[in-house]
2 protein chains.
Amino acid sequence: MAMTGILILAHGSRRKETEDVLAAVVAKVKNYVAVDLLETAFLQFSENDLARGLERLIARGATEIRVIPYFLFSGVHIREDIPAELESFRRDYGNIKITLEPSLGDDDRLAMILADKIKAVI
Amino acid sequence: MAMTGILILAHGSRRKETEDVLAAVVAKVKNYVAVDLLETAFLQFSENDLARGLERLIARGATEIRVIPYFLFSGVHIREDIPAELESFRRDYGNIKITLEPSLGDDDRLAMILADKIKAVI
(Lines give C-alpha, C1' and ligand atoms only; values in the text may rest on other atoms or scores of the structure.)
Protein backbone atom coordinates (compact mmCIF):
# COMPACT_ATOMS: atom_id res chain seq x y z
CA MET A 1 0.00 0.00 0.00
CA ALA A 2 1.24 3.47 -0.86
CA MET A 3 2.15 5.56 2.16
CA THR A 4 1.54 9.18 1.23
CA GLY A 5 3.69 11.80 2.92
CA ILE A 6 2.86 15.51 2.85
CA LEU A 7 5.58 18.14 2.75
CA ILE A 8 4.51 21.72 3.41
CA LEU A 9 7.18 23.86 1.79
CA ALA A 10 7.52 27.56 2.65
CA HIS A 11 9.91 30.16 1.31
CA GLY A 12 11.98 30.64 4.45
CA SER A 13 13.37 33.89 5.81
CA ARG A 14 16.52 35.35 7.28
CA ARG A 15 14.23 36.01 10.22
CA LYS A 16 14.14 32.61 11.95
CA GLU A 17 10.94 33.32 13.87
CA THR A 18 9.01 32.72 10.66
CA GLU A 19 9.76 29.01 11.10
CA ASP A 20 7.78 29.08 14.32
CA VAL A 21 4.94 30.77 12.45
CA LEU A 22 4.74 27.89 9.99
CA ALA A 23 4.90 25.41 12.86
CA ALA A 24 1.93 27.18 14.47
CA VAL A 25 -0.04 27.06 11.21
CA VAL A 26 0.67 23.34 10.85
CA ALA A 27 -0.39 22.71 14.45
CA LYS A 28 -3.74 24.30 13.57
CA VAL A 29 -3.95 22.26 10.37
CA LYS A 30 -3.88 19.12 12.47
CA ASN A 31 -7.16 20.22 14.04
CA TYR A 32 -8.78 20.04 10.62
CA VAL A 33 -7.24 16.98 9.01
CA ALA A 34 -5.93 13.68 10.35
CA VAL A 35 -2.53 13.27 8.76
CA ASP A 36 0.41 11.51 10.28
CA LEU A 37 3.13 11.68 7.63
CA LEU A 38 3.41 15.47 7.57
CA GLU A 39 6.62 17.46 7.56
CA THR A 40 7.58 21.06 6.82
CA ALA A 41 10.61 22.47 5.04
CA PHE A 42 11.95 25.78 3.74
CA LEU A 43 13.27 26.55 0.29
CA GLN A 44 15.82 29.08 1.54
CA PHE A 45 17.63 30.29 4.66
CA SER A 46 17.10 27.09 6.65
CA GLU A 47 18.98 23.88 7.37
CA ASN A 48 15.57 22.27 7.15
CA ASP A 49 15.53 22.56 3.37
CA LEU A 50 13.50 20.78 0.70
CA ALA A 51 15.81 17.74 0.49
CA ARG A 52 15.87 17.33 4.28
CA GLY A 53 12.09 17.46 4.46
CA LEU A 54 11.73 14.84 1.74
CA GLU A 55 14.33 12.61 3.38
CA ARG A 56 12.54 12.81 6.73
CA LEU A 57 9.30 11.66 5.14
CA ILE A 58 11.07 8.78 3.41
CA ALA A 59 12.77 7.79 6.68
CA ARG A 60 9.32 7.72 8.26
CA GLY A 61 8.05 5.33 5.60
CA ALA A 62 6.58 7.51 2.88
CA THR A 63 6.54 5.79 -0.52
CA GLU A 64 5.04 8.78 -2.28
CA ILE A 65 5.23 12.45 -1.38
CA ARG A 66 2.98 15.39 -2.18
CA VAL A 67 4.74 18.72 -1.87
CA ILE A 68 2.30 21.55 -1.07
CA PRO A 69 3.91 24.99 -1.41
CA TYR A 70 2.85 27.46 1.26
CA PHE A 71 3.35 30.27 -1.27
CA LEU A 72 1.00 32.99 -2.50
CA PHE A 73 2.33 33.27 -6.03
CA SER A 74 3.60 30.85 -8.63
CA GLY A 75 6.76 32.80 -9.32
CA VAL A 76 10.18 31.59 -10.33
CA HIS A 77 10.56 29.44 -7.19
CA ILE A 78 7.43 27.44 -7.96
CA ARG A 79 7.92 27.29 -11.73
CA GLU A 80 11.65 26.68 -11.92
CA ASP A 81 13.62 26.31 -8.68
CA ILE A 82 11.44 23.77 -6.86
CA PRO A 83 10.85 21.55 -9.94
CA ALA A 84 14.61 21.54 -10.58
CA GLU A 85 15.35 20.54 -6.99
CA LEU A 86 12.71 17.81 -7.11
CA GLU A 87 14.12 16.49 -10.38
CA SER A 88 17.57 16.29 -8.83
CA PHE A 89 16.16 14.56 -5.75
CA ARG A 90 14.28 12.01 -7.86
CA ARG A 91 17.56 10.87 -9.42
CA ASP A 92 18.67 9.64 -5.98
CA TYR A 93 15.31 8.26 -4.88
CA GLY A 94 13.87 6.79 -8.04
CA ASN A 95 11.43 4.55 -6.18
CA ILE A 96 9.65 7.45 -4.48
CA LYS A 97 6.93 9.26 -6.40
CA ILE A 98 7.09 12.98 -5.67
CA THR A 99 4.53 15.46 -7.00
CA LEU A 100 4.38 19.22 -6.71
CA GLU A 101 0.83 20.24 -5.85
CA PRO A 102 -0.87 23.62 -6.41
CA SER A 103 0.20 26.42 -4.08
CA LEU A 104 -1.83 27.86 -1.23
CA GLY A 105 -2.26 31.04 -3.27
CA ASP A 106 -4.59 29.31 -5.72
CA ASP A 107 -7.42 29.22 -3.18
CA ASP A 108 -10.35 31.56 -3.79
CA ARG A 109 -10.81 32.13 -0.06
CA LEU A 110 -7.70 34.31 0.08
CA ALA A 111 -9.71 37.10 -1.55
CA MET A 112 -12.30 36.81 1.21
CA ILE A 113 -9.63 37.03 3.90
CA LEU A 114 -8.11 40.06 2.22
CA ALA A 115 -11.55 41.68 1.98
CA ASP A 116 -12.04 41.16 5.72
CA LYS A 117 -8.70 42.82 6.38
CA ILE A 118 -9.80 45.81 4.33
CA LYS A 119 -13.16 45.99 6.11
CA ALA A 120 -11.32 46.13 9.43
CA VAL A 121 -9.48 49.34 8.52
CA ILE A 122 -11.85 51.40 6.36
CA MET B 1 -13.19 64.12 6.42
CA ALA B 2 -10.38 61.61 6.19
CA MET B 3 -10.24 59.76 2.88
CA THR B 4 -8.77 56.34 3.59
CA GLY B 5 -6.85 54.67 0.80
CA ILE B 6 -5.92 50.99 0.83
CA LEU B 7 -2.70 49.74 -0.67
CA ILE B 8 -2.36 45.98 -1.14
CA LEU B 9 1.36 45.33 -1.24
CA ALA B 10 2.74 42.04 -2.57
CA HIS B 11 6.31 40.82 -2.83
CA GLY B 12 6.61 40.91 -6.61
CA SER B 13 8.37 38.40 -8.83
CA ARG B 14 10.72 38.20 -11.77
CA ARG B 15 7.80 36.33 -13.33
CA LYS B 16 5.50 39.16 -14.39
CA GLU B 17 2.39 36.98 -14.60
CA THR B 18 2.18 37.11 -10.83
CA GLU B 19 1.03 40.72 -11.15
CA ASP B 20 -2.01 39.46 -13.03
CA VAL B 21 -2.63 36.97 -10.23
CA LEU B 22 -2.79 39.77 -7.66
CA ALA B 23 -5.07 41.76 -9.99
CA ALA B 24 -7.40 38.75 -10.15
CA VAL B 25 -7.42 38.41 -6.35
CA VAL B 26 -8.24 42.11 -5.96
CA ALA B 27 -11.03 41.83 -8.53
CA LYS B 28 -12.56 39.11 -6.32
CA VAL B 29 -12.02 41.22 -3.20
CA LYS B 30 -14.28 43.86 -4.71
CA ASN B 31 -17.13 41.34 -4.63
CA TYR B 32 -16.80 41.21 -0.85
CA VAL B 33 -16.09 44.80 0.17
CA ALA B 34 -17.09 48.16 -1.28
CA VAL B 35 -13.86 50.11 -1.46
CA ASP B 36 -13.06 52.76 -4.02
CA LEU B 37 -9.60 54.00 -3.02
CA LEU B 38 -7.80 50.73 -3.53
CA GLU B 39 -4.47 50.24 -5.28
CA THR B 40 -1.89 47.49 -5.51
CA ALA B 41 1.89 47.65 -5.55
CA PHE B 42 4.92 45.35 -5.43
CA LEU B 43 7.91 45.58 -3.16
CA GLN B 44 10.33 44.21 -5.73
CA PHE B 45 10.74 43.52 -9.45
CA SER B 46 8.05 45.97 -10.59
CA GLU B 47 7.85 49.57 -11.75
CA ASN B 48 4.64 49.63 -9.74
CA ASP B 49 6.53 49.80 -6.47
CA LEU B 50 5.52 50.86 -2.97
CA ALA B 51 6.14 54.57 -3.54
CA ARG B 52 4.20 54.54 -6.84
CA GLY B 53 1.25 52.86 -5.19
CA LEU B 54 1.19 55.37 -2.36
CA GLU B 55 1.50 58.28 -4.80
CA ARG B 56 -1.40 56.99 -6.88
CA LEU B 57 -3.64 56.86 -3.81
CA ILE B 58 -2.61 60.39 -2.83
CA ALA B 59 -3.27 61.62 -6.38
CA ARG B 60 -6.74 60.08 -6.09
CA GLY B 61 -7.44 62.03 -2.90
CA ALA B 62 -6.37 59.73 -0.07
CA THR B 63 -5.47 61.65 3.09
CA GLU B 64 -4.57 58.52 4.99
CA ILE B 65 -3.33 55.20 3.72
CA ARG B 66 -3.48 51.70 5.17
CA VAL B 67 -0.89 49.38 3.69
CA ILE B 68 -2.00 45.73 3.85
CA PRO B 69 0.82 43.31 3.00
CA TYR B 70 -0.25 40.35 0.90
CA PHE B 71 2.50 38.29 2.53
CA LEU B 72 2.40 34.99 4.43
CA PHE B 73 5.25 35.71 6.84
CA SER B 74 6.47 38.69 8.77
CA GLY B 75 10.04 38.32 7.65
CA VAL B 76 12.68 40.94 7.02
CA HIS B 77 10.59 42.69 4.35
CA ILE B 78 7.71 43.28 6.74
CA ARG B 79 9.82 44.04 9.81
CA GLU B 80 12.56 46.15 8.25
CA ASP B 81 12.38 46.95 4.54
CA ILE B 82 8.79 48.14 4.27
CA PRO B 83 8.87 50.24 7.50
CA ALA B 84 12.09 51.89 6.25
CA GLU B 85 10.53 52.70 2.88
CA LEU B 86 7.41 54.06 4.55
CA GLU B 87 9.52 56.22 6.87
CA SER B 88 11.37 57.65 3.90
CA PHE B 89 8.09 58.30 2.07
CA ARG B 90 6.59 60.05 5.08
CA ARG B 91 9.41 62.61 5.01
CA ASP B 92 8.12 63.81 1.62
CA TYR B 93 4.40 63.53 2.42
CA GLY B 94 4.20 64.62 6.03
CA ASN B 95 0.51 65.42 5.84
CA ILE B 96 -0.48 61.87 4.86
CA LYS B 97 -0.95 59.34 7.64
CA ILE B 98 0.38 55.96 6.53
CA THR B 99 0.05 52.81 8.62
CA LEU B 100 1.35 49.31 8.03
CA GLU B 101 -1.39 46.82 8.87
CA PRO B 102 -1.06 43.13 9.79
CA SER B 103 -0.18 40.80 6.92
CA LEU B 104 -2.52 38.34 5.26
CA GLY B 105 -0.56 35.52 6.90
CA ASP B 106 -1.91 36.40 10.34
CA ASP B 107 -5.33 35.01 9.49
CA ASP B 108 -6.35 31.76 11.16
CA ARG B 109 -8.27 30.64 8.08
CA LEU B 110 -5.04 29.93 6.22
CA ALA B 111 -4.65 26.77 8.30
CA MET B 112 -8.09 25.65 7.16
CA ILE B 113 -7.23 26.25 3.51
CA LEU B 114 -3.99 24.32 3.91
CA ALA B 115 -5.89 21.47 5.59
CA ASP B 116 -8.27 21.32 2.62
CA LYS B 117 -5.31 21.12 0.23
CA ILE B 118 -3.94 18.20 2.24
CA LYS B 119 -7.33 16.45 2.28
CA ALA B 120 -7.42 16.71 -1.50
CA VAL B 121 -4.23 14.67 -1.95
CA ILE B 122 -4.19 12.05 0.84
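Remember, it's a predicted structure, so these values are computed and weren't measured experimentally.

Asker: Report on the interface of chain A and chain B, specifying residues and quantitative values.
Answerer: Listed per partner, the contact involves 50 residues of chain A and 49 residues of chain B. When the two sides are added together, the surface that chain A and chain B hide from each other amounts to roughly 4700 Å², 75% of it contributed by carbon and sulfur. Taken together, the links from chain A to chain B amount to 4 salt bridges. Connecting chain A to chain B are 10 residue pairs in polar contact (both at pLDDT 80 or more). Elements that contribute at least two residues to the side of chain A that touches chain B include exactly strand E1 (4–10), helix H1 (17–32), strand E3 (64–70), helix H3 (76–92) and helix H4 (109–119) of chain A. By residue number, the principal contributor to the side of chain A that touches chain B is H4 of chain A, which donates 11 residues. Classifying every residue of the side of chain A that touches chain B gives 29 nonpolar, 7 polar and 14 charged.

Asker: Please give an account of the sheet that holds strand E4 (residues 97–100) of chain A that cites residues and values.
Answerer: All names here are of chain A. Read across the sheet, 4 strands follow the order E2-E1-E3-E4 without closing on themselves; strand pairing throughout is parallel. A single partner strand is all that each edge strand has here, and the edge strands are strand E2 (38–42) and E4. The sheet shows a mean angle of 25° between the axes of neighbouring strands, taken without regard to direction. Across the sheet, H1 touches E1, E2 and E3, and the angle it forms with E2 is around 160°. Each of E1, E2, E3 and E4 is contacted by helix H2 (residues 50–59), which is oriented at about 165° to E2, the strand it contacts most.

Definitions and limits used
- Residues numbered from 1 in each chain as written.
- Chains lettered and ligands numbered in written order.
- Predicted model: local features only at pLDDT ≥ 70, side-chain atom pairs only at ≥ 80, totals over all residues.
- Heavy atoms only, no water.
- Contact = heavy atoms within 4.5 Å.
- Buried area = accessible area lost by both parts, 1.4 Å probe.
- Salt bridge = Lys/Arg side-chain N within 4 Å of Asp/Glu carboxyl O.
- Polar contact = N/O pair within 3.5 Å; in protein donor to acceptor, adjacent residues only side chain to side chain.
- Helix = DSSP H or I, 4+ residues; strand = E, 2+ residues; numbered from the N terminus.
- Nonpolar A, V, L, I, M, F, W, Y, C, P; charged D, E, K, R; others polar.
- Pairing = 2+ DSSP bridges.
- Axes fitted to C-alpha atoms, helices over the stretch in contact; angles between N-to-C directions.

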